[in-house]
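The chain contents come next:
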Amino acid sequence: MALQLGDEAPDFTADSTEGEIHFHEYIGDGWGVLFSHPAAFTPVCTTELGRVAALTPEFDQRNTRVVGLSVDGLTDHATWSDDIEEVTGHRLNFPLVADPDHQVADLYGMIHPNASDTMTVRSVFVVGPDKKVKLTLTYPAATGRDFSEILRVIDSLQLTAKHKVATPVNWKNGEDVIIAGSVSDDDAKKQYPQGWKSPKPYIRIVPQPKA
Ligand code: BEZ
């Protein structure tokens, strides 16, 4: 069965562009993003990897380590890394797992046979410090992802893990949030003595709590 939210993210040991990687150990006490690519030397993947390399300071700020995966060998990855830098101006600065035997891809269900028997789809798994899956995304090979959205989601996941709130449509860090439905009005009054905006009784909007 496909990995679902709340499942333990399977641990693995694999070769990567930064040497052997032990996934859980690599994430440590922080957050992790594991994302797959259909194949080396492909145009969309090249742009995506350059973009993630450019965004690593943003992931660092969120105490999040990123790991890419492609079902090609390490030799391909080494040559491809040079291409990625040449094309995007950003050198890979995170591990790219080489998974030619599909060991990790199978663990995570990254190959969807009705899309392709051999290539992974564009999967994203966000993993929390408890090593549980917090978010999954699946894009087809021909559609590149927007990694700003992954950062936005991590902001929401980290906020809602800490505070009993939910984030509305298109929410961005710093914007108003919604008090979780599990919080009674009496408890909410203690936490938000200034009150809340309430366009409907079941919608209670407050400023984002401080980290
Ligand atoms: C790409 O990365 O451009 C790509 C890879 C596999 C299939 C289609 C596009």
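Right above here is the structure, for reference.
Predicted model only: the values in this text are computed from it and were never measured. (Residues numbered from 1 in each chain as written. Predicted model: local features only at pLDDT ≥ 70, side-chain atom pairs only at ≥ 80, totals over all residues. Heavy atoms only, no water.)

Novice: Can you break down the sheet that holds strand E7 (residues 133–139) residue by residue, with the values?
Specialist: Spatially, E5-E4-E3-E6-E7 is the arrangement adopted by the five strands of the open sheet, whose pairing is mixed. A single partner strand is all that each edge strand has here, and the edge strands are strand E5 (96–98) and E7. Averaged over all pairs of adjacent strands, the angle between strand axes in this sheet comes to 20 degrees, irrespective of strand direction. Of the pairings in the sheet, the one linking strand E3 (residues 31–37) to strand E4 (residues 64–70) comprises seven bridges and is parallel in character. The residue bridging His37 from the neighbouring strand is Ser70, located in E4. Running over the sheet, helix H3 (residues 74–88) touches E4 and E5 and is turned about 150 degrees from E5. Set on the sheet, helix H5 (residues 147–162) makes contact with E3, E4, strand E6 (122–127) and E7; between it and E3 the angle comes to about 150 degrees. (Pairing = 2+ DSSP bridges. Helix = DSSP H or I, 4+ residues; strand = E, 2+ residues; numbered from the N terminus. Axes fitted to C-alpha atoms, helices over the stretch in contact; angles between N-to-C directions. Contact = heavy atoms within 4.5 Å.)

Novice: So what about the nonpolar core? Which residues, and what values?
Specialist: The nonpolar side chains of a soluble globular protein tend to be buried, and buried together. Membership of the largest hydrophobic core comes to 25 residues, with the highest contact counts inside it found for Val33, Phe35, Leu49, Phe59, Phe94, Val126 and Ile150. When residues of this core are traced back to their parent elements, those giving at least two are E3, helix H2 (43–61), H3, E6 and H5. Among residues more than four places away in sequence, those in contact with Val33 are Phe59, Thr64, Arg65, Val66, Val67, Val124, Phe125, Val126, Ile150 and Ile154. Ranked by size, the runner-up nonpolar core spans 21 residues in total, among them Ile21, Val67, Leu69 and Val127. (Core = buried A, V, L, I, M, F, W, Y, C linked by side-chain atoms within 4.5 Å. Buried < 20%, exposed > 50% of the residue type's maximum accessible area, 1.4 Å probe, protein only.)

Novice: Can you explain H5? Please cite residues and give values.
Specialist: Under the 1.5 Å per step criterion, the end-to-end length of H5 is 23 Å for 16 residues, consistent within 8% with the ideal 22 Å. When we look at burial in H5, the residues that qualify are Phe147, Ile150, Leu151, Val153, Ile154, Asp155, Ser156, Leu157 and Leu159. Between the side-chain oxygen at the start of H5 and the backbone nitrogen of Ser148 there is a gap of 2.9 Å, and the oxygen is on Asp146. (Expected span 1.5 Å × (residues − 1). Polar contact = N/O pair within 3.5 Å; in protein donor to acceptor, adjacent residues only side chain to side chain.)

Novice: Help me get a handle on the sheet that holds strand E9 (residues 177–179), residues and values and all.
Specialist: Strand order in this open sheet of four strands is E8-E9-E11-E10, and the pairing throughout is antiparallel. Strands at the two margins of the open sheet, each flanked by one partner only, are strand E8 (165–166) and strand E10 (197–200). Here E10 runs beside strand E11 (residues 203–206); their pairing, made up of two bridges, is antiparallel. Bridge pairing in E11 places Lys197 opposite Ile205.

Novice: Provide a residue-level description of the pattern of salt bridges, including the pertinent values.
Specialist: Here the structure, examined in full by the defined rule, presents eleven salt bridges. For the salt bridge of Arg91 with Glu85, the shortest nitrogen-to-oxygen distance reads 2.6 Å. Classification of Glu85 as partly exposed rests on a relative accessible area of 35%. Among the salt bridges present, the one from Glu149 reaches Arg152, with a minimum N-O distance of 2.7 Å. Taken together, the residues span about one helical turn, with Glu149 and Arg152 both in helix H5 at a distance of three residues. We classify Arg152 as partly exposed; its relative accessible area is 22%. (Salt bridge = Lys/Arg side-chain N within 4 Å of Asp/Glu carboxyl O.)

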